[in-house]
Amino acid sequence: MSSFTERVIGAAKLESRIYEEVEHDKGAMGQAIAVVLLSSVAAGIGSALYMDLGTALVVGSIAALVGWLVWAFLTWLIGTKLLPEAETEADMGQLLRTVGFASAPGMLRFLGVLPGIGGLLVLACDLWMLAAMVVGVRQALDYKSTWRALGVCVIGWVVLIVVQGAVFAMVGAPGTPASA
């Protein structure tokens, strides 16, 4: 079994074996939560150009945790009920763990504080997280088709962006990265 650090690095490197490992390790839920929290703190720091750091950390952390739960639920619903393959079988715990580790690239979102290129770097991290999510979903839902996993993730991601945008609008915060 891989260490936490090996799992984070492997998840960021899009190693399917890591996603398969955390899918089956019920004890990895705490680690998945830690990855989401670290990613959200990084997003909060990266948002400091748009709002004060304290607000960015609080709003970013809450949005990341809610986003993680919403995205995992949407992925489970879309992937198991609307677009399953013959072998698709997954529970919410499996999706929460794999989606949590798919947030690993988000730990670099603190780079959003860099003037001029910060926004592009955050976008790159968000797209990297989407790619990680595709690998995690493919493993968790036992898909043979990466394209199906991509479709499930994109549908869920669009809904997540809308939900997070609404949350940021309600708290009066300017737009910050829309991924968990």
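Since the model is a prediction, treat every value here as computed from it, not as a measurement.

Asker: So what exactly am I meant to see when it comes to the pattern of salt bridges here?
Answerer: Side-chain pairs of opposite charge can arise whenever the charged atoms involved come near each other. With the rule as written, the count across this model stands at seven salt bridges. As a salt-bridge pair, Glu-15 and Lys-13 come within 3.6 Å of each other at their nearest N and O atoms. We classify Glu-15 as partly exposed; its relative accessible area is 22%. Given the relative accessible area of 56%, Lys-13 is considered exposed. Notably, a salt bridge pairs Glu-15 with Arg-17, separated by 3.5 Å at the nearest N-O pair. Here the salt bridges do not stand alone but share partners, grouping Arg-7, Glu-21 and Asp-25 into one network.

Asker: Help me out: how do you make sense of the packing of helix H6 (residues 118–140) against helix H7 (residues 146–171) in this one?
Answerer: Relative placement of two packed helices is described by the angle separating their axes and the distance separating the axes. Between H6 and H7, whose axes approach to 8 Å, the crossing angle comes to 125 degrees. When the axis of H6 is compared with that of H7, the two are oblique. Judged by the sense of rotation from one axis to the other, the crossing of H6 with H7 is right-handed. Between H6 and H7, the contacting residues are Asp-126, Leu-127, Leu-130, Met-133, Val-134, Val-137 and Arg-138 on the first element and Thr-146, Ala-149, Leu-150, Val-152, Cys-153 and Trp-157 on the second. Partitioning the contact of H6 with H7 into residue classes produces ten nonpolar, one polar and two charged.

Quick notes on the rules
For every chain, the first residue of the written sequence is number 1, and numbering continues from 1 along that sequence. Residue-level local features of this predicted model are given only where pLDDT is at least 70; pairs of side-chain atoms are given and counted only at 80 or more, and the full residue set underlies all totals for whole chains, interfaces and linings. Excluding hydrogens and water, the side-chain values take into account all heavy atoms of the structure. For this analysis, a salt bridge means a side-chain nitrogen from Lys or Arg found within 4 Å of a carboxyl oxygen belonging to Asp or Glu. Under the scheme applied here, a residue whose accessible area is under 20% of the maximum for its type counts as buried, over 50% as exposed, and between as partly exposed, the area being computed with a 1.4 Å probe on protein chains only. The axes used here are C-alpha line fits, helices contributing only the stretch in contact, and every angle between their N-to-C directions lies in the interval 0 to 180 degrees. A run of DSSP states H or I qualifies as a helix once it reaches four residues; a run of E qualifies as a strand once it reaches two. Both are numbered from the N-terminal end. Relative orientations are named as follows: roughly parallel for angles under 35 degrees, roughly antiparallel for angles over 145 degrees, roughly perpendicular for angles from 65 to 115 degrees, and oblique for any other angle. Take the far helix as your reference; a near helix turned counterclockwise from it by less than a right angle gives a left-handed crossing, and one turned clockwise gives a right-handed crossing. Contact between two residues is taken to exist if any of their heavy atoms lie within 4.5 Å; hydrogens are not considered. Classification convention: Asp, Glu, Lys, Arg as charged; Ala, Val, Leu, Ile, Met, Phe, Trp, Tyr, Cys, Pro as nonpolar; all other residues, Gly among them, as polar.

Read these as geometric descriptors, not functional statements.
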